[in-house]
Amino acid sequence: MADLKAFAEQLVNLTVKEVNELAQILKDEYGIEPAAAAVAVAAPAAGGDAPAAAAEQTAFDVILKEAGGQKLAVVKLVKDLTGLGLKEAKDLVDGAPKELKTGVDKAEAESLKKSLEEAGAVVEIK
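Residues numbered from 1 in each chain as written. Predicted model: local features only at pLDDT ≥ 70, side-chain atom pairs only at ≥ 80, totals over all residues. Heavy atoms only, no water.

- In the annotation of an unreviewed UniProt entry, the entry for the chain reads Large ribosomal subunit protein bL12, and the organism field reads Mucilaginibacter terrae.
- Regarding the chain, the relevant UniProt record gives this comment under Function (unreviewed entry): "Forms part of the ribosomal stalk which helps the ribosome interact with GTP-bound translation factors. Is thus essential for accurate translation."
- UniProt, in its Sequence similarities (unreviewed entry) section for the chain, records the words "Belongs to the bacterial ribosomal protein bL12 family." (UniProt positions renumbered as here; feature names shortened; annotations may be inferred.)

Here's what the structure looks like:
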């Protein structure tokens, strides 16, 4: 059981970039889509504290409303944060408003919003 606790601790402490790399590995090598992986990781965490989870929102969607004046910087940042290719990141930014990430925890959503706003984008969390 100690090994599972250590593994859970490693998952909780991953950076955004490491989470993106993990999602890409799961997709490429195991055929698991990243959105499904996020739900699978979030579900056990919420399961132990069901009454409190019902009262407070635990999964958030990060929506890119517009690129702002620094479009190139936003495209590069979206590429890095999502693990998308340059063309896909550009298409996502050009198609704003679009969902950038769905089902992420509050800390990750706030971190994404802060990074994107620093680059000049307008971001909303739902």
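## What to know about the pattern of salt bridges
Now for step 1: By the definition in use, this model includes 7 salt bridges.
Now for step 2: Two residues, Lys71 and Asp94, come together in a salt bridge whose shortest N-O distance is 2.5 Å. Here Lys71, found in helix H5 (residues 71-82), pairs with Asp94, found in helix H6 (residues 86-94); they are 23 residues apart in sequence, far enough to count as distant.
Now for step 3: Since its relative accessible area comes to 36%, Lys71 is described here as partly exposed.
Now for step 4: Notably, a salt bridge pairs Lys114 with Glu118, separated by 4.0 Å at the nearest N-O pair. Of the two residues, Lys114 and Glu118 both sit in helix H7 (residues 106-118), 4 residues apart, roughly one turn of that helix. (Salt bridge = Lys/Arg side-chain N within 4 Å of Asp/Glu carboxyl O. Helix = DSSP H or I, 4+ residues; strand = E, 2+ residues; numbered from the N terminus. Buried < 20%, exposed > 50% of the residue type's maximum accessible area, 1.4 Å probe, protein only.)

## Quick notes on the packing of H5 against H7
Now for step 1: H7 packs onto H5 with a crossing angle of 155° between their chain directions and a minimal axis gap of 9 Å. Looking at the two axes, H5 sits roughly antiparallel to H7. When you trace H5 past H7, the crossing you get is right-handed. The residues of H7 that touch H5, namely those facing Val74, Leu77, Val78 and Leu81, are Leu112, Ser115 and Leu116. (Axes fitted to C-alpha atoms, helices over the stretch in contact; angles between N-to-C directions. Parallel < 35°, antiparallel > 145°, perpendicular 65-115°, else oblique. Left-handed = near helix turned anticlockwise from the far one by under 90°. Contact = heavy atoms within 4.5 Å.)

## Details of the nonpolar core
Now for step 1: Membership of the largest hydrophobic core comes to 21 residues, with the highest contact counts inside it found for Val62, Leu64, Val74, Val78, Val93 and Leu116.
Now for step 2: Elements with a minimum of two residues in this core: strand E1 (60-66), H5, H6, strand E2 (98-104) and H7.
Now for step 3: Among the elements that line this core, the one with the most residues is H5, at 5 residues.
Now for step 4: Here Leu64 is in contact with Val74, Leu92, Val93, Ala96, Pro97, Lys98, Ala121, Val122 and Val123, once residues within four sequence places are set aside. (Core = buried A, V, L, I, M, F, W, Y, C linked by side-chain atoms within 4.5 Å.)

## Things to note about helix H2 (residues 16-30)
Now for step 1: Counted at 1.5 Å a residue, the expected span for H2 with its 15 residues is 21 Å, and the 20 Å between its end C-alpha atoms agrees.
Now for step 2: Among the residues making up H2, those that are buried are Val16, Asn20, Ala23 and Leu26. Viewed end-on, H2 has its buried residues packed into an arc of 125°, placing them on one side of the element. Facing away from the buried side of H2, by more than 90 degrees, are the exposed residues Lys17, Asp28, Glu29 and Tyr30. (Expected span 1.5 Å × (residues − 1). Arc of directions from axis to C-beta.)

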